[in-house]
Amino acid sequence: MSIDEEKMRKYKNFLKDLNSEVPVYLVSVPDRRNYEIAKERKVWGVPEEYGARIKNVKEGEYIIFFGAKIGLSIYQIKKGYYYDKEKVWEDDIYPHRVGLSDEPIISFTPTEFTMSDLKNILLDKDGKPYENVNAVGGALRGANGIFRPLKPTEKASLIKVLEEKINKLHPSPLSEKDNMVNENNNLPRNIILYGPVGTGKTYLASILARKIVSKTLKDRDEISELIEKDLGEESKNLKENYKNSSIEFNKYITKITFHPSYGYEEFVEGIYPKLKDGNGNEKSNNSIEYIIKKGIFREICDEAKNDPDHNYVLIIDEINRGDISRIFGELITTIEEDKRCEDNYIVKLPFSGDDFCVPRNLFIIGTMNNTDRSIALLDIALRRRFVFFYIPPSYEVIEKWLSNTSNDDNKEFRNVFIEALKKLNKRISKYKGEDFQIGHGLFSELKTSTDKVRSAQWIFKYKIIPLLMEYFYGENELLRKVLGNVFIKNPNNDDEPIEWNDEFFKKEKREDFIKELQKFINAKEDEEE
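Residues numbered from 1 in each chain as written. Predicted model: local features only at pLDDT ≥ 70, side-chain atom pairs only at ≥ 80, totals over all residues. Heavy atoms only, no water.

Caption draft 1: Spotlight on the overall build of the protein. Each helix and strand in the protein was counted, giving 20 helices and 16 strands. In the protein, which comprises 529 residues, the proportion classed as buried is 49%. Of the roughly 26100 Å² that the protein leaves accessible, carbon and sulfur atoms contribute 46%. (Helix = DSSP H or I, 4+ residues; strand = E, 2+ residues; numbered from the N terminus. Buried < 20%, exposed > 50% of the residue type's maximum accessible area, 1.4 Å probe, protein only. Areas by Shrake-Rupley, 256 points an atom, 1.4 Å probe, with all protein chains shown as cover.)

Shown next as structure tokens:
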């Protein structure tokens, strides 16, 4: 067996179709002479009594010829079913016919591909492997060996057997599994970015997705390096690098958000009423019908299987807010890195009854705020199938945002503001936990602001204080300790609701705002207890 560049291309296209719903038919060939004539005339036919088995065969589908004397050859159908009584073969007319491609996509000699190999592919009528080669041979005699359509599970097994054969026989392996991810071999397929609110997890997920799709993220260590970078600058660099790129990122990246009401029906598949007919008209109540509709996850899996040359990414925002067992159902196992389609791990879906698997070129990136639910409380079935990257608050990023100004007076404010935020997060961690720290993303306005102090006043009043009130709802005493009683009108009365001193957040009170931050920084430890 030898494979040139053109055959390699055709073989890769065939693998794509194997991963899709394109029909593939097996034809048992007991007579070598008939096969040689078919190769020469580029046509295959069946007798009158078997015409029904071939009438639905269409152009673009595939035929696998197998016989003990010919080995195995795969052809694409270039002309769909037609009826012709022209004499082609010596022993019979065989009028029900299809046209074949000029050359086989791939072929193996009788010694390269045997009945034992076929046994590793085919299943009996009960969906179970055949006991031995004699059982396989018996099952392919007569009508059963004429245009037998391969089941999805058999197609997956065929991919595995073909790759093993080609890797063994060909000096340049054509393993689609390797080609598909050759630049992302050690990247985890399932990632969760977790951390406090406002640390840029969703933003980082989008950047990772673009780098995975473009195959510029070549090593898992780069993920840790990205976490420490200014993501705004990284995104800017990516846009510049991809400015002239032909990659349609929206085609390969899908974004969804989990929530308590999200379910299996939206994610995998469900039964829905069909309210309109084929012409788009509303159906009457008397003619309503129900259809099985694919969910978002199944759709992206199908797209990735049909396009193994590209990486696909599913971003699941707030993954911990969904009921994981209800959403994933039996598919939770199929996302594991060693249980993908290429590993021949296939499950049967409950509604449609279809065979299903997750391709290796699909990456899943989840994000989660620890304030919604700690990682310790996350569904253990999900935890052990994902790699977790902690995204902490980045004071370096805020410092950079505060530095991009020509105002010399801003340097003093920058130092005060960064120290105040560090101390605030230290106190939050002490009294509430690290999961509740304030992330740098809440201060992103500082990046483009020309008046840093005024922006900081606005952020504190309308973002930080409301967030702290939510975190410490009903815990006024703790909130006073966290803030050291700064920005508060009634600092010494734990029994009354906190009254905020809005004077510090007025435009004309800029200096007082900075002094209040400095007061917070200078608070002694005994005042914090």
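Let us keep going from here.
Caption draft 2: Expanded view of the packing of aromatic side chains. Inspection of the entire model under this criterion finds 32 aromatic pairs. Summarising the aromatic geometry, the rings of Phe108 and Phe113 are spaced 5.7 Å apart at their centres and angled 45° between planes, so their arrangement reads as tilted. Its relative accessible area of 1% is what places Phe113 among the buried residues. Site record: aromatic cluster; members linked through ring pairs are Phe413, Phe417, Phe443, Phe460, Phe487, Phe504, Phe505 and Phe513. The positively charged end of Lys432 is found above the aromatic ring belonging to Phe436, 5.7 Å away from the centroid. In this arrangement the basic side chain of Lys432 is found over the ring face of Phe472, its NZ or CZ atom lying 5.6 Å from the centre. (Phe/Tyr/Trp six-rings, centres within 6.5 Å; stacked < 30°, edge-to-face > 60°. Lys NZ or Arg CZ within 6 Å of the ring centre and 35° of its normal.)

Caption draft 3: Highlighting the sheet that holds strand S9 (residues 253–257). Reading across the sheet, the five strands line up as S9-S12-S15-S8-S16 and stay open at both edges, with parallel pairing between neighbours. Only two strands of the sheet have a single partner each, and these edge strands are S9 and strand S16 (387–390). Shown here is a sheet whose adjacent strand axes are inclined to one another by a mean of 20°, direction ignored. Relative to strand S12 (residues 312–317), S9 is paired through five bridges, and the arrangement is parallel. By the bridge assignment for S12, Lys255 is matched with Ile315. Docked against the sheet, helix H7 (residues 201–213) engages strand S8 (190–195), S9, S12 and strand S15 (362–369), running at close to 170° with respect to S15. (Pairing = 2+ DSSP bridges. Axes fitted to C-alpha atoms, helices over the stretch in contact; angles between N-to-C directions. Contact = heavy atoms within 4.5 Å.)

Caption draft 4: Region of interest: a nonpolar patch on the surface. On the surface, Ile271, Ile288, Tyr290, Ile292 and Phe351 cluster together to form a nonpolar patch covering roughly 490 Å² of accessible area. Inspection of the secondary structure puts Tyr290 in strand S11 (residues 289–294). (Patch = residues over 30% accessible without salt bridge, like charges linked within 9 Å, V, L, I, M, F, W, Y side chains within 5 Å. Salt bridge = Lys/Arg side-chain N within 4 Å of Asp/Glu carboxyl O.)

Caption draft 5: Examining H7 more closely. Taking 1.5 Å of rise per residue, the 13 residues of H7 would be expected to cover 18 Å, and the 18 Å separating its terminal C-alpha atoms lies within 8% of that figure. Within H7, ten of the 13 residues are buried, which leaves it mostly tucked inside the rest of the structure. Every buried residue of H7 is listed here: Lys201, Leu204, Ala205, Ser206, Ile207, Leu208, Ala209, Lys211, Ile212 and Val213. Taken from the residues just after H7, Lys215 is the one with a positive phi, measuring 60°. (Expected span 1.5 Å × (residues − 1).)

Caption draft 6: Local environment of the state of the cysteines. Tallied over the full model, the rule gives one disulfide. Just so you know, Cys301 is unpaired, no disulfide at all, and the nearest cysteine sulfur is the one on Cys341, 7.3 Å from it. (Disulfide = S-S within 2.5 Å.)

Caption draft 7: Molecular detail of the environment of Pro129. Turning to its location among the elements, Pro129 is positioned in the loop between helix H3 (115–119) and helix H4 (133–139). The spacing of Pro129 and Lys119 is ten residues in sequence and 7.4 Å in space, taken between C-alpha atoms.

Caption draft 8: The arrangement of the side chain of Ser449 in detail. Looking at the element boundaries, Ser449 is found in the loop between helix H16 (410–431) and helix H17 (452–471). Classification of Ser449 as buried rests on a relative accessible area of 14%. Of the polar contacts made by the side chain of Ser449, one reaches the side chain of Ser455; its length is 2.6 Å. (Polar contact = N/O pair within 3.5 Å; in protein donor to acceptor, adjacent residues only side chain to side chain.)

Caption draft 9: Main features of the pattern of salt bridges. Following the criterion strictly, the structure yields 21 salt bridges and no others. Put simply, Arg41 and Glu86 hold a salt bridge, and the shortest N to O gap is 3.1 Å. Of the two residues, Arg41 is situated in helix H2 (residues 32–41) and Glu86 in the loop between strand S4 (71–83) and strand S5 (96–100); the sequence distance between them amounts to 45 residues. Accessibility expressed as a relative area gives 39% for Arg41, which makes it partly exposed. Accessibility expressed as a relative area gives 41% for Glu86, which makes it partly exposed. Two residues, Asp302 and Lys305, come together in a salt bridge whose shortest N-O distance is 3.7 Å. One end of the pair, Asp302, and the other, Lys305, are both in helix H12 (residues 296–306), three residues apart, so they sit about a helical turn from each other. Taken as a pair, Asp302 and Lys305 share a single burial class, namely buried.

Caption draft 10: Structural view of the pairing of S4. As paired strands, strand S3 (residues 62–67) and S4 are joined by six bridges and run antiparallel to one another. If you follow Gly67 over to S4, its bridge partner there is Gly71. Linkage of S3 to S4, two consecutive antiparallel strands, is achieved through a turn of three residues. Relative to strand S6 (residues 106–108), S4 runs antiparallel, the two being bridged by three bridges. Paired with Ile74 across the strands is Ile106, a residue of S6.

Caption draft 11: Just the nonpolar core, in detail. Ranked by size, the top nonpolar core spans 54 residues in total, and within it Phe258, Phe267 and Phe297 carry the most contacts. When residues of this core are assigned to their parent elements, the largest contribution, seven residues, is made by H7. Contact partners of Phe267, with chain neighbours within four places excluded, come to Ile256, Phe258, Tyr262, Gly295, Ile296, Phe297, Arg298, Leu314, Ile316, Ile327 and Phe328. Core analysis: the second largest hydrophobic core is formed by 44 residues, Val416, Leu442, Ala456 and Ile488 among them. (Core = buried A, V, L, I, M, F, W, Y, C linked by side-chain atoms within 4.5 Å.)

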